[in-house]
Amino acid sequence: MRRPATLRLVQAGLMGALLMVCKETLAPLPGEPVTLLIILYTLELPAAAPWAIAVFVALQFVLYGFGLWSWMYLYIWFVLCALAYRLRGMDSAPGWAVAAGLYGLAFGALCAPVYLFASGPGGALAWWIAGLPTDIVHCLGNFVITLLAYRPLRRALHAVAARP
């Protein structure tokens, strides 16, 4: 059964708001569940996932304003959504934990193209290398969070997706 457009819109808005709340409340920890939630949104509610990401990005802009970082947010989470969609046949918590960890490790490299345009190849390389310690922590945090929470959160989202 197809959901009414209003319900889908509200659902995507709530999903995006949940991304924002989780990111902000868990920011002091060495990882946050944004990567895991985007993966799960893509697996269980693929039509709503891009809209949820758009809400999340818009809320980030409202909270933090616009800067050089804003450009990377216009693509970085959509790249993750596309990758998760390509890997949607996998249903392994350890497999998704590795994928989420690798995404965290690659985060700086995926964001570096913005700095390539802003400050040239040297600036992009310097920015990426300077961020490697953060990427390593992001990798480990993503791995642990996904390994622990993938299965229960996937079941919960599956139940939401199955409702008429």
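Here the structure is a predicted model, which is why all the values come from computation and not from measurement.

**A look at the pattern of salt bridges**
A side chain of one charge can pair with a side chain of the opposite charge if their charged atoms are brought near each other. Taken as a whole, this structure holds four salt bridges when the rule is applied. For Glu24, the salt bridge identified is with Lys23, shortest N-O distance 3.5 Å. Across the salt bridge formed by Arg154 and Glu44, the nearest N and O atoms sit 2.5 Å from each other. Remark: Glu44 occurs in helix α2 (residues 34-44) and Arg154 occurs in helix α7 (residues 132-162); sequence separation between them is 110 residues. The residues Arg154 and Glu44 share a single accessibility class, namely buried. Several salt bridges share partner residues, and in doing so they unite Glu44, Asp91, Arg151 and Arg154 into one network.

**Remarks on the side chain of Asn142**
As for its placement among the helices and strands, Asn142 is situated in helix α7. Of note is the side chain of Asn142, whose polar atom sits 3.4 Å from the side chain of Thr35. Within the local environment of Asn142, its side chain forms a polar contact with the backbone oxygen of Ala100, the two atoms lying 3.0 Å apart. Once you skip the residues sitting within four places of it in the chain, Asn142 turns out to touch Glu32, Thr35, Ala100, Gly101 and Gly104.

**Considering the packing of aromatic side chains**
In total, this model carries 10 aromatic pairs according to the counting rule given. Measuring from ring centre to ring centre gives 5.5 Å for Phe61 and Trp69, while their planes differ by 65 degrees; the resulting arrangement is edge-to-face. For Phe61, a relative accessible area of 12% corresponds to the buried category. Their ring planes at 90 degrees and their centres at 6.4 Å tell us that Tyr64 and Trp69 sit as a pair that is edge-to-face. A relative accessible area of 45% means that Tyr64 is categorised as partly exposed. The class for Trp69 is partly exposed, based on a relative accessible area of 24%.

Quick notes on the rules
Residues numbered from 1 in each chain as written. Predicted model: local features only at pLDDT ≥ 70, side-chain atom pairs only at ≥ 80, totals over all residues. Heavy atoms only, no water. Salt bridge = Lys/Arg side-chain N within 4 Å of Asp/Glu carboxyl O. Helix = DSSP H or I, 4+ residues; strand = E, 2+ residues; numbered from the N terminus. Buried < 20%, exposed > 50% of the residue type's maximum accessible area, 1.4 Å probe, protein only. Polar contact = N/O pair within 3.5 Å; in protein donor to acceptor, adjacent residues only side chain to side chain. Contact = heavy atoms within 4.5 Å. Phe/Tyr/Trp six-rings, centres within 6.5 Å; stacked < 30°, edge-to-face > 60°.

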